[in-house]
Amino acid sequence: MTLWNYVATTGYKRANVTHSCAGNFTDPIERNLIVAKCSLIEIYLILDEDLQLQGEARDLLFVATERYTFCVLQWDAETSDVITRVTGDAWHPERSPTHNIKVGTVDPDGRLIVFHISNGTLKVFPFTNAGQLGEPFNIRVIQGHILDIKFLHGCGKPTVVMLYKTMFIKNWRFEVHAITVDSVTKIFCVAGRGWLTQDLHVGPHLMITVPEPLCGVLLFCKKVICYRGPGGQQTITKEPTTISACGRVDLIRARYVYGDHNGNLLTLDIAHEGKKPTGLKIVRLDKTSVASSISYIGASVVFVGSSYGDSQLVKINIPADEIVPRVEVLKIFENLGPIADFCVVDSERQGQCQLVTCSGAYKDGSLRILSYGIGINEQASRVLQVVTGMWSLRSSTDDPYSTFLVVSFISGTRIWEMNLENDLKECQIQGFSSDVETLFCHDAIHDQLVQVTSNAVRLVSSTTRELCGSWVVPADCSIIVATANVSQVLLATRGLSLIYLKIGDGVLTEVVNIQLECDISCLDINPIGNNSHYSDLAAVGMWGGIGVRIYSLPDFIVLTTDDLGQAIPRSVLMCSLDGVSYLLCALGDGHLFNFVLNTVNGDLADKKQVSLGTRPITLRTFSSKGAIRVFAASTRSTVICRRYRKLCYSNVNLKEVIHMCPFSSAAFPESVAIATREKLIIGGIDDIQKLHSSILPLGESADFICHQERTKTIAVCNLKDKQSNAEGSEDSGRLSISLLDDQTFKELSTFCLRQFERCCCIISCSLSDDKKEYYCIGTAYKRDKEEATGRVLLLSVGVEDKDRILVLIASAETCGDVREVEAFNGKLLASLFHETVCYEWLSESRMLCPSSYSDDRVINIYVGGSIFEIFSKGEEDPIEREEGSVESEVEVVPEQWEKCSHEIERVKCYFTSVDNDNYMGCDDSFNIFTFRVNENMDAGGGTFKLVGVYHLGERINRFRKGTMGFPVIDGVDDVERIPAVMFGTSNGVIGLVASLPEDEYLFWEMLQTNMRKMIKVAGGVSHVQWRSFYNEKRTVAARNFLDGDLIKLFLNLSLDQKEKISKAVGVAVEALMERVEELPSLH
């Protein structure tokens, strides 16, 4: 790994919702939904007229960050942009930060902002009459364990209510107090509100202030909900659940919607007479995602934001009837977070990988299958099987849209027509032969259609649908391959004949009939010259090791021949992509050759080869946004286009396409018809490759996942065992390991763990003197206050009644929980809490024989070559490096981490290796850093040398080496691919860190520096500040890292901004855009 790194998200940005609100932000008469997703704020405009509120003033948006800064944002209607009205910093350097929840709140009348971020202190920021911040001051409070603070409504002076807990006779007691703040005199006093000072022994975890006329507070506890206000108090019991979010949904009545950790959505009504509450009522609605935020939009529509699953826009029907569901889901916002673990699956070993993530939590837990590809937006489908060919036809030559869809089968031909109602109905074309297989169809001049079967070529009027001409093959042979354009037909027969026909008005004329030395496998006469109705060249694929030939038309002179390495082409296509003419030759084994074709003399140049699967490929052209592209149908179907002055191959997000043809109709413009083994699909094709996902709901959280390539299976850990958790079972609470097929994701088998045992890690490995591949699992077992123990399990995938099952081969008990396992020289390393154990595999006795190597507190193990390295923490928490081999003693290097990198604090870290000398780590402050073995260690340096630091702003849960397989581009060989490490985060981000050569890094750093000057960040925080390494003790400028997401924003700048940056960088705008667009191919 080089010293210089490029960081980017790979297509799925953060999507977990932490906060949300609704208001009139962009316009007084427009309703907005504002959603916070970690460091990203999204503003939605509600377009439905029923959801717009008239006559309200434009709202301001208050934002507080985890770095103790805050801002007030306002929408500028003239520039259609967000401007920062107020910024501030609530950090108190002389006080220690609170270890409780850091909270901030704004006075509903816009007079004060109050923060609780330091122990025993409230930081108060008053607003001046001009709407600016005044001089801040501190308020000393004795309540140390503050859980929440809110401003009360309806108070003459700003009044803050605090929810806190205090120790009382060895038990925690919850209390609520209120203080009144005078922003002028900076004097505060305890408010005289007796209804707030009563003890709360029920443990509230959420506090909501209720606006006028009640002006009280709602306290959500585990078993009850309490209302307390100046007019009285009310309490109602509920199911013992934790309330995760609450929002007011009725601006007139005191009605609230809240959600719990089980995904239940409920309403709470506060009945009242003026300020006096008369009762509380709970109505259970339905199941939604586990809510982290609830915002009422209007017209009974509620946004349910979730950090644990997909967010939803729902409509609540109250009162509910028997027909309409109480909660109707209007829209789903996909969220991959939190990603606990993920694995990379490349089952076809073609470099185009799938990512399988353990996503979500609680009932929203799922497996998400992610893959890069061109999306097919399905608009219509029909069950059809064994399709042998497919073509679209127009009702007249000048018609811009397709009318007929001809589908060929082994036993006949069926035709569908797009009628005036834009419905696809089966029809008949009288001039076509429908009882035989069709080899080829095409539109023809003079409003005609051409059908080629094994014994004839038929010319049919597209207006009358009657036969108007034909050409019949001689009786002693039959047609095996055919192709055509609007004025020419080219046929190959079993008698080794190549026949050329010319299309006239109601007549087919045979022009040339030549004999070849071997059979023909494929043909093409697609016009690519100046005449779109006529081709001067013919591409002929041949058997017998001849390969492909280019003939001139109509004299059939051989211009060029290429043997394709003695391979047999199954489909050939001449096409023009972005003004460059190409010949594409697809083979039967899934390989594709491409040549640059000289349309004047037929010369072939710049020969390249790429693998697109393992089965025969068929090639067809189609149009997307006015540009011609090629669809290669195969086991791994691909869209081919010209980009970056090279051919670019992008996967289609659809399994095993048999045939494809363009089908652009008035109802489905620029669409295609696709035949798979099961059905016929009509839909549009995305113009760019995107990250697509599918979901496998689990209904619970999955913690770990591992792919085993040899057995084509995936193991998923810590799912509830269905049998032991059945109702009435004495063995409830047991977890299991599920075995899934890596293609269908069908559950094959489960392995049940012991009661109170759970998986802590899993790998797939082979051990010495054993050719089998095993799942190796480390577990932990703890019950109540018992000392933790664990096991190392060795499972194999066996076969029972032709089904793959998990079989326990060996196990070893440990005196602590097994936190990590790694294979090493045919042996197994297991890290426990206080030691590292090496297990030797005795294949004959099927036993794991242990021997100890280290007694340090282990963080990570890395195995590379003949050494293993342990990252551990000693008594004073230095991070150390240990090296060893199984044959020798462990060498412990005692130098402390602080000696080589004073910026990195003694915090919880997670590491991954890049190679034997380079490493990457992350910490709990959302930073990432790279370091390498110090070559000058003997000269007094530390064990490691810090290379780069960077604030990611995301909590990384897992590192994995490799990439997902970006588009294949001619000229970028596998050996040139840049080494990369992927990561998954709690916010659902799939990211990538790629190493760059020094010259590349310096170029992109120059662009990044100029982008920082051009891009404005809302809230007054500069990009340099945001990406600086940060924790609560120090801030250090980022180094040797590039922000890929910032660099890619260059494509969104105005032309004037692009020209300024290109001038500063010294590269033309078009060339700079090309390099930015090409960045994904570097991964």
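Provided above is the structure to which this section pertains.
Residues numbered from 1 in each chain as written. Predicted model: local features only at pLDDT ≥ 70, side-chain atom pairs only at ≥ 80, totals over all residues. Heavy atoms only, no water.

Q: Requested: an account of the sheet that holds strand S2 (residues 19-23), with residues and values cited.
A: Here we have three strands laid out as an open sheet, ordered S2-S3-S4, and antiparallel in their pairing. With one partner strand each, in any of the chains shown, S2 and strand S4 (40-45) form the two edges of the open sheet. Averaged over all pairs of adjacent strands, the angle between strand axes in this sheet comes to 15°, irrespective of strand direction. Pairing of strand S3 (residues 32-37) with S4, which is carried by six bridges, proceeds in the antiparallel orientation. Bridging from a neighbouring strand, Val35 pairs with Glu42 of S4. (Pairing = 2+ DSSP bridges. Helix = DSSP H or I, 4+ residues; strand = E, 2+ residues; numbered from the N terminus. Axes fitted to C-alpha atoms, helices over the stretch in contact; angles between N-to-C directions.)

Q: Describe the side chain of Ser637, naming the residues involved and giving the relevant values.
A: The topology assignment puts Ser637 in the loop between strand S53 (627-633) and strand S54 (638-643). At 3.1 Å, the side chain of Ser637 forms a polar contact with the backbone oxygen of Ser634. Leave out the neighbours within four places in its chain, and Ser637 touches Phe631, Ala632, Ser650, Asn651, Val652 and Val657. (Polar contact = N/O pair within 3.5 Å; in protein donor to acceptor, adjacent residues only side chain to side chain. Contact = heavy atoms within 4.5 Å.)

Q: How would you explain the nonpolar core if you had to name every residue and give the values?
A: Trp1004, Leu1007, Phe1050 and Ile1061 are the most contacted members of the largest nonpolar core, which totals 34 residues. Every element with two or more residues in this core is listed here: strand S1 (4-9), strand S30 (366-373), strand S82 (980-985), strand S83 (990-996), helix H2 (998-1014), helix H4 (1044-1048), helix H5 (1055-1065) and helix H6 (1069-1077). Sorting elements by how many residues they give to this core places H2 first, with five residues. Residues within four places of Leu1007 in sequence aside, it is in contact with Ile1047, Phe1050, Ile1061, Val1065, Leu1072 and Val1076. (Core = buried A, V, L, I, M, F, W, Y, C linked by side-chain atoms within 4.5 Å. Buried < 20%, exposed > 50% of the residue type's maximum accessible area, 1.4 Å probe, protein only.)

Q: Provide a residue-level description of the pairing of strand S22 (residues 264-273), including the pertinent values.
A: Across the ten residues that make up S22, a large majority, seven, are buried. Here strand S21 (residues 255-260) folds back onto S22, and the loop between the two strands holds three residues, one of which, Gly263, carries a positive phi near 85°. Where S22 and strand S23 (residues 276-287) come together, ten bridges link them in antiparallel fashion. Residue pairing for S23: Asp269 is matched across the bridge by Lys281. In sequence, S22 turns back onto S23 through a hairpin of two residues, with Gly274 there showing a positive phi of about 65°.

Q: Summarise the packing of aromatic side chains; cite the residues concerned and give the values.
A: Under the counting rule described, the total for this entry stands at 19 aromatic pairs. Measuring from centroid to centroid gives 6.2 Å for Phe62 and Phe115, while their planes differ by 45°, and the two rings are tilted. A residue pair is termed long-range when its members are at least 10 positions apart, and Phe62 in strand S5 (residues 61-64) and Phe115 in strand S9 (residues 112-118) qualify at 53 residues. Taken together, the ring pairs connect Phe62, Phe70, Phe115 and Phe125 into an aromatic cluster. Lying over the aromatic face of Phe1003, Arg1075 brings its terminal NZ or CZ to 3.8 Å of the ring centre. (Phe/Tyr/Trp six-rings, centres within 6.5 Å; stacked < 30°, edge-to-face > 60°. Lys NZ or Arg CZ within 6 Å of the ring centre and 35° of its normal.)

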